[in-house]
Structures are given as structure tokens and as C-alpha cells.
Amino acid sequence: MAASPTSPLDHHVLPWLLAVALATAGPHAAHLPIWLSVLFVTALLWRAWIWRRRVLLPPRWLLALLILGTTSGIGWQFRSLFGKDAGVAMLVVFMALKPLETRSRRDALMIIMLGFFLLLTHYFYSQSIPTGLWLLAACTLLTATLIRLHGGGPSIPETLRHAGLLMLQALPFMLILYLLFPRVSGPLWGLPQDAYSGLSGLSHEMAPGSISNLIQSGAIAFRSQFAGEVPEKAELYWRGPVFDEYDGMTWRARKRPPGEPPGQPVIEASGPGHAYTTILEPHNERWLLALDLPMRLPADSALAPTFEVLAREPVRVRSRFSFVSSVDYHANRAETPETLRESLAVPADINPRARALANTWRGQSTAAVAETVLHMFREQDFRYTLRPPLLGAHPVDEFLFETRRGFCEHYASAFVFLMRAAGVPARVVAGYQGGEINPIDGYLIVRQSDAHAWAEIWVANEGWTRVDPTAAVAPSRIEQGITAALPAGEPLPGIIRLDAGWLRGLRHRWEATNNAWNQWVLGYNPQRQREVLSRIGVPDPDWRQMAALLAALCALTLLLVAVWARPPRRREDPVELAWRRYCSRLARLGLGRAEWEGPLDFAERVAREEPRLAAVTGEAARCYAELRYGRNGADQLARLRRCLRELPSYRRKTF
């Protein structure tokens, strides 16, 4: 008879429940405030001490005070009780405190169900392969705890083996549902507003230090795979936001009035186009980071007046885009007077020394002014560093004439200021420069550490022309990458610092595996599903076909799993089988053996009732008795079978 849900909890189940709490909520410590992690660990240790000492559970009023206090703390920490982070924190609190009131099997079931729900929340923060493997192991532990709660499994290894077997049987159904269940674009439910707060990348503004902080991250910004030859590394400029407003410290993208016509960019390619596909990591912005400059855009995107490729919605999930770009081009040879006027604006009350220097260049050609500034950067004592001194109220003056230490945003900002002050339209462009080819899968990987800023100037009859002042100071940054440009001791991501040959090969393999995971597991969208269905002969299914196919495959899989899980048939003992057949044939002659009769007693009765069968039956009974109760050998079994073959020649005469 099954135990009641309200029956007391088996003492040996509680360690399983504590292990479930630790496995499902413990990894969230990386996203929770320290005080909440301490509370979680303390609550589990407290419950373990109660279990070990077999003392009473804390009173309910104390638990109520703990819940009230932690809820208030979460509200104070996150300024809300709603949203991704606050919601996960509340679930962790529930998982920490529920064991302190667990008395019955019903309470244990609530902990297990809460554990299953907590597993889903880990995908809010990471969808990587290690996360998936951890959740698979945690799901197996939850299943094993359910088995143990219902009395199954005589030992821990046996319980875990049983749970693993159940998970293995569920695997085919999981694959079928994954491949055939209708996919939707976007999440199955609406995420809260802070769901994308952890996404990193370029910003809508640039100040000294913004890109140098971003460059210290080794996270992948995007991957690109070229259909043909990959351009030279010095040509790999990936365009992001364009900044044309400056307040003396920060560059910002100009906000266009809603009713203002956007203008139509005109790009004239002077060389062959490069076709490529980009897998863009989510960054919660609209720009798609195309190779400078794009000639053909993906669907649901448009080219801004400043040549950024903008998606209709912010990129909040990993997305795939196809482009064709040309690295040799003329852009907007005929620019609007309004745009040129905006690209000359500088604040009137800052950087007087830089302004005075730029005034001496007025009247020269645009190319001559640009070359003068680049020559100054090359020949004077300017240094490329991620640790520049802090700048004050006149940042360009202090950078040009005092510190002369800076990163790409310092050089791009100072260059554009000087060009504008000299009467040359200019603006700052942020994005990424360079990338590294992964030899395993052929994708070019661009990291956050490849973030970069450069300048654009408008040249009559040429249009907007890229000028990278960083190349004048540290040409190795453009030609070889960030590591070649920085002096020893500069802060760099560990993935870049640890660049031994075997580590690089291991990293390439791991990133290629992650790329395949991203494309075929996380990126299994409606388009990919249609491709898979087309390969199996269902090119354009409707919901009826999908439901029928899903039901048929699940039924077939259920049948195969049932056959596989069927207990094996017992192999019959050949001695017992031969003796049973002998007795059955005697029964057809009217000499059936009673269940209580031994073989020798049965032989004696047969001899009395049918003397003609006495010899053969006596020999058969002696062989069986020796095989079953005495020495065992092949001779007795062969003799027993010979007696069985001789028996059909007998016919009982009197009945």
C-alpha cells in the first residue's frame, strides 16, 4: 500500500533533499548578493545539524520572520520584488528555508518540484554546454530523489543507476520533441525588463575609458564565416555606432527628430564584394556590426545615414545575418549641408590650445591636415596604453600636450576634434577591428577585446574616408592585434594572455564545439526546423502533419523503449525441462505425477500401475534425482533425454 503524502518523512531521505537544494540553487551564487548566498549556506547547514542531532525543527514564527526579513532585503537589493534577478533570489530563499519546515513526504515533493523549476532559471544567465551538462546531472539527481522518496533503491549507487536509466529512456522522446515540436521566434513567455541587463558590448556613447574597459573582456562579440577569401586583417573594420555630438568629454550618437527624413546613403564599391555570414551574440542594441561598408543587407534591417546597419529590433538573442561588404568604396560623395555642418561642431569653451593649433592649418587641403595630425602622432612621444592618466576639464589639450598616453578612443577623439577645429567635417566611429580565424571550423572570431574606435573625415569628391589615428601610434594593433600593441604588464583577458600553442589549440576546439552548439541547439529556430523537415520529406508541414508525425514517432519510440526495458526471459534449466516433458508424456498415458511426489516415489508408483514402463521410468527418475540432488554430469542428462525419446513407443493397454 502506498504511503500517504502526509506520512512522516523517512529520516534517510533528507540528505537527498539537501543535495537537491545545493545542486539546483547553489550555482546561482554567482548572480546573487553575498548576504543571500551566506543565508542559503547557513540554512542548509542548520537543517543538516537538525537532521544529525535529531532535534526539533525551528518554530514557524521564526521561519515567518526569516521570510519577511529576506523578502525585505531582496526588495532593498533589487529595488523590486519582480524581474529576473529578484525572482530568482526569491526562489533561492524558498529553497533554502523550505527544508527547515519539512516534516512529511508532501513537503519533500514540494522541494523536488521547486528544484525542477529552479533548473529552468539557470538558462536566464547561461546556455552553454557546461550549463546543460550540469542541469542534466541535477535532473538525474532530482529523479533519484523521487525514487528514494517512494522507497526505491536499496543503495545510493542503485538509486542513481535507476534514475540514470529513466533519463536514458526519456532521451529519445526529448530528441523527438526538440526536433519536431513547432518552434517559435523568441521566448515562449515574456521576460521582465531586466532580462537583458547583463548583456555587454558597445554603448550609445564614448568617453575616455569606455572602450578600454570593454577590451579587458575576452567574451566573443560575434563570429563570421566568409564564402570566399577573407580580407586582410588591416581591412577588418566592423562598423558599430557613429558618434557626431561632442560635449567636451563624451561623444554621442546624434538623435534624429522623428519627422526628419533619414536620407539615403550612397555607397559606390570600387572593388569586389565579400559575402559572409555573421553569428552575432546578443548585445541589446540595434546595430549589426557589418564589415565596413555593407553593400547587401539582411532582411528586416536598414542602412542608417551614417552607414550603420540597424535591425528593426534590438538584438537580444544570438542571431544569424548574411551580408555582402566591400572594403574599397566611396561613401556619400555628395553629402547634405546639414550633415557637414553637424560634423564641424565643437564646444566653444574647451581645449583652447588644440583649437589654436588647428587654426594654423586652416586653408590647407583636407588630406594635408589629416597627414599633419597623423605625423604628429607618429613622430612625437605618444604611447598606446590601457592605463592612461585621468584627464581634466580640457581633455584634448591635456592629452595632446601633457600626458600623451591613451587608448584608441583618446586618439580618435583628439583627431576628430582637431579636424573639426581646422574646418574638416569629421566624426568618431566605434566598432571592432581584426579577428582571429579558428582553424577547426573556419569561422573568424571577433572578441570584445577587439573593440576599437577610429575616425571618418569627409573629403570632397571622395566622400567619407576612414582614418585610424591609432595605426599611426601603434600600427601593430591593426596588423597583428591588441597583444602586439600593448607593453608588458597591461591588463588583458586571461584567454588572450594564456596563448601557448597547446592552449590555443584547445581553445580553438572548445570554441568550435560551442559554435556548433549555438547553431544547432540554441539556434534551432523555425528556419532550421524547416530545413530538417525538408530533408526527411516534409518540406512545408502544417500543424496537422506535425502532430501526426510527432504522435507516430512517439508511439514507435514508446514501443521500442518498452521492448528494450522488458525484463529478460529466464533461461529454463535443461534438467528440469527434460524431466517435466517426461512427466507430461506419462500424464497423457494416464500416469500423471502429483505435485507432492518425488521422482523415485513416482517411479515406484508407475512400476506398480504399468510394469512395462518400470525400467525406463526408474532409469529416468534416477537420472533426474542424481542431477538434481546428487552429482551433476552430462551423462545423466543424456540418459534422461534418451528415456524421453524411448517413451513414445509405449502404449498402455488397459484403461
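The preceding data block contains the structure.
Within any chain, residue numbers begin from 1 and follow the written order of that chain's sequence. Reporting in this predicted model follows two pLDDT cut-offs: at least 70 for local features of residues, and 80 or more for side-chain atom pairs to be given and counted; totals over whole chains, interfaces and linings ignore these cut-offs and use all residues. Water and hydrogen atoms were dropped before computing side-chain values, which therefore reflect all heavy atoms in the structure.

S.K.: What is the right way to look at the overall build of the protein chain in this model?
M.R.: Scanning the protein chain from N- to C-terminus turns up 24 helices and 20 strands. For 655 residues, the compact-globule formula gives about 26 Å, and the C-alpha radius of gyration of the protein chain, at 39 Å, lies well above that figure. Expressed as lengths along the three principal axes of its C-alpha atoms, the size of the protein chain is roughly 140 × 65 × 50 Å. When checking whether two residues touch, look at their non-hydrogen atoms; a contact exists if any pair is within 4.5 Å. Considering only residue pairs separated by 6 or more positions, the protein chain has 73% of its internal contacts joining residues 24 or more positions apart. Numbering of helices and strands runs from the N terminus; a helix is a DSSP stretch of H or I covering at least four residues, while a strand is a stretch of E covering at least two. In this treatment the radius of gyration is a C-alpha quantity, and the globule benchmark scales as 2.2 Å times the residue count to the 0.38 power.

S.K.: Got a minute to help me understand a nonpolar patch on the surface in this structure?
M.R.: Patch membership is restricted to residues that have no salt bridge and whose relative accessible area is over 30%. Joining uses 9 Å for like charges and 5 Å for the nonpolar side chains Val, Leu, Ile, Met, Phe, Trp and Tyr. Surface accessibility follows the Shrake-Rupley procedure with a 1.4 Å probe radius. Residue values consider only the protein chains on display as shielding. We count a salt bridge whenever a side-chain nitrogen from Lys or Arg sits within 4 Å of a carboxyl oxygen from Asp or Glu. Residues Leu-168, Leu-171, Met-174, Leu-175 and Trp-564 make up a contiguous nonpolar surface patch of about 500 Å² in total accessible area. Here the nonpolar patch takes four residues from helix H7 (residues 156-180), the largest share from any one element. Mapped onto the elements of the fold, Leu-175 is located in helix H7. Residue class for Leu-175 comes out partly exposed when judged on its relative accessible area of 44%. To sort residues, take the accessible area from a 1.4 Å probe on protein chains only and compare it with the maximum for the residue type: under 20% means buried, over 50% means exposed, and anything in between is partly exposed.

S.K.: Got a minute to help me understand the pattern of salt bridges in this structure?
M.R.: Close approach of charged atoms allows side chains of opposite charge to pair. By the definition in use, this model includes 33 salt bridges. A salt bridge links Arg-628 to Glu-576; its shortest N-O distance comes to 3.5 Å. Linking Arg-628 in helix H23 (residues 614-629) with Glu-576 in helix H21 (residues 574-588), this pair joins segments that are 52 residues apart in sequence. Put simply, Arg-239, Asp-292, Arg-427, Glu-456 and Arg-466 are held in one network by salt bridges that share partners.

S.K.: Explain a positive patch on the surface here, please?
M.R.: When charges are counted, Lys and Arg are positive and Asp and Glu negative, with His and the chain ends excluded. To locate a charge, the coordinates of NZ of Lys, CZ of Arg, CG of Asp or CD of Glu are taken. On the surface, Arg-581, Arg-585, Arg-588, Arg-641 and Arg-645 cluster together to form a positively charged patch. No other element matches H21, which puts three residues into the positive patch.

S.K.: Which parts of the structure should I look at to understand the sheet that holds strand E5 (residues 251-252)?
M.R.: Following DSSP output, two strands are said to pair if at least two bridges run between them. Sheet architecture is open: three strands sit in the order E1-E5-E4, paired in antiparallel fashion. Each having just a single partner strand, strand E1 (205-206) and strand E4 (245-246) make up the two edges of the open sheet. Bridge count between E4 and E5: two bridges; the pairing is antiparallel. Note that in E5 the partner of Tyr-246 across the bridge is Trp-251.

S.K.: Explain the nonpolar core to me, please; I cannot follow it from the model alone.
M.R.: Where a protein is soluble and globular, its nonpolar side chains tend to be buried together. One finds Trp-238, Phe-377, Tyr-384, Leu-400, Phe-415, Met-419 and Tyr-432 to be the most contacted residues of the largest nonpolar core, which totals 73 residues. Broken down by element, the residue count for this core peaks at 10 residues, all from helix H13 (residues 408-421). The next biggest cluster of nonpolar side chains, apart from the first, holds 46 residues, and it includes Ala-89, Val-92, Leu-100 and Ile-147. Remark: nonpolar core denotes a set of buried residues (Ala, Val, Leu, Ile, Met, Phe, Trp, Tyr, Cys) joined through side-chain atoms within 4.5 Å.

S.K.: Would you explain the side chain of Asp-292 in this entry?
M.R.: Mapped onto the fold, Asp-292 is located in the loop between strand E8 (290-291) and strand E9 (294-296). Among the residues examined, Asp-292 registers a relative accessible area of 0% and is labelled buried. In terms of polar contacts, Asp-292 uses its side chain to reach the side chain of Arg-239, at 3.1 Å. Nitrogen and oxygen atoms within 3.5 Å of one another constitute a polar contact, given that in protein one can donate a hydrogen and the other can accept it, and given that sequence-neighbouring residues count only through two side-chain atoms. A distance of 3.4 Å separates polar atoms of two side chains, one belonging to Asp-292 and the other to Arg-466.

S.K.: I tried to follow the packing of aromatic side chains on my own but got confused; where do I start?
M.R.: Geometrically, a pair of aromatic rings is defined through the distance of the ring centres and the angle of the planes. Each Phe, Tyr or Trp ring, with Trp reduced to its six-membered ring, pairs with another whose centre is within 6.5 Å; inter-plane angles below 30 degrees give stacked pairs, above 60 give edge-to-face pairs, and intermediate values give tilted ones. Taken as a whole, this structure holds 18 aromatic pairs when the rule is applied. Judged by centre distance (5.9 Å) and plane angle (80 degrees), the rings of Phe-222 and Tyr-432 are edge-to-face. With Phe-222 in strand E2 (residues 220-226) and Tyr-432 in strand E16 (residues 426-433), the pair connects residues that are 210 residues apart, well separated along the chain. Neither Phe-222 nor Tyr-432 differs from the other in exposure class; each is buried. For the pair Tyr-237 and Trp-454, a centre-to-centre distance of 4.9 Å together with 80 degrees between the ring planes defines the contact as edge-to-face. Residue Tyr-237 is located in strand E3 (residues 237-243), and its partner Trp-454 is located in strand E19 (residues 451-459); the two are separated by 217 residues in the primary sequence. Overall, the relative accessible area of 0% leaves Trp-454 in the buried class. We call a charge positioned over a ring when the NZ of a Lys or the CZ of an Arg lies within 6 Å of the ring centre and within 35 degrees of the ring normal. Note that Arg-427 overlies the ring of Trp-464, its terminal NZ or CZ placed 3.7 Å from the centroid.

S.K.: Whenever I open this one, the pairing of E2 confuses me. Can you help?
M.R.: Within a regular beta strand, the side chains point alternately toward one face of the sheet and then the other, so they alternate between its two faces. Along E2, six of the seven residues are buried, which leaves the element largely enclosed by surrounding structure. Alignment of E2 against strand E18 (residues 444-447), held across four bridges, turns out to be antiparallel. Residue pairing across strands places Arg-223 opposite Ile-445, the latter belonging to E18. Where E2 meets strand E7 (residues 274-280), five bridges bridge the pair, whose relative direction is antiparallel. Counted as the bridge partner of Phe-226 is Tyr-276 from E7.

S.K.: When you look at the packing of helix H1 (residues 14-25) against helix H2 (residues 34-53) in this model, what are you seeing that I'm missing?
M.R.: Each pair of packed helices can be summarised by the angle the axes make with each other and by the distance between the axes. With axes taken as lines fitted to C-alpha atoms, and helix axes fitted only over the stretch in contact, angles between N-to-C directions fall between 0 and 180 degrees. Look at H1 against H2: their axes get within 10 Å of each other, and the N-to-C directions meet at 170 degrees. Taken as axis vectors, H1 and H2 run roughly antiparallel relative to one another. Listed contacts from H2 to Leu-14, Pro-15, Leu-18, Ala-21, Leu-22 and Ala-25 of H1 are Phe-40, Leu-44, Arg-47, Ala-48 and Trp-51. Any angle that falls under 35 degrees is termed roughly parallel, while one over 145 is termed roughly antiparallel, one within 65 to 115 roughly perpendicular, and all others oblique.

S.K.: Which parts of the structure should I look at to understand the sheet that holds strand E17 (residues 436-437)?
M.R.: By definition, the strands of a sheet pair up through backbone hydrogen bonds, in either a parallel or an antiparallel sense. One open sheet accounts for six strands, arranged E9-E12-E7-E2-E18-E17; its pairing is antiparallel. Strands with a single pairing partner mark the edges of an open sheet, and in this sheet they are E9 and E17. Its contacts with the sheet put helix H18 (residues 501-522) on E2, E7, strand E12 (319-325), E17 and E18, and the angle it makes with E2 is roughly 85 degrees.

All quantities given are derived from atomic positions and should not be read as evidence of function.
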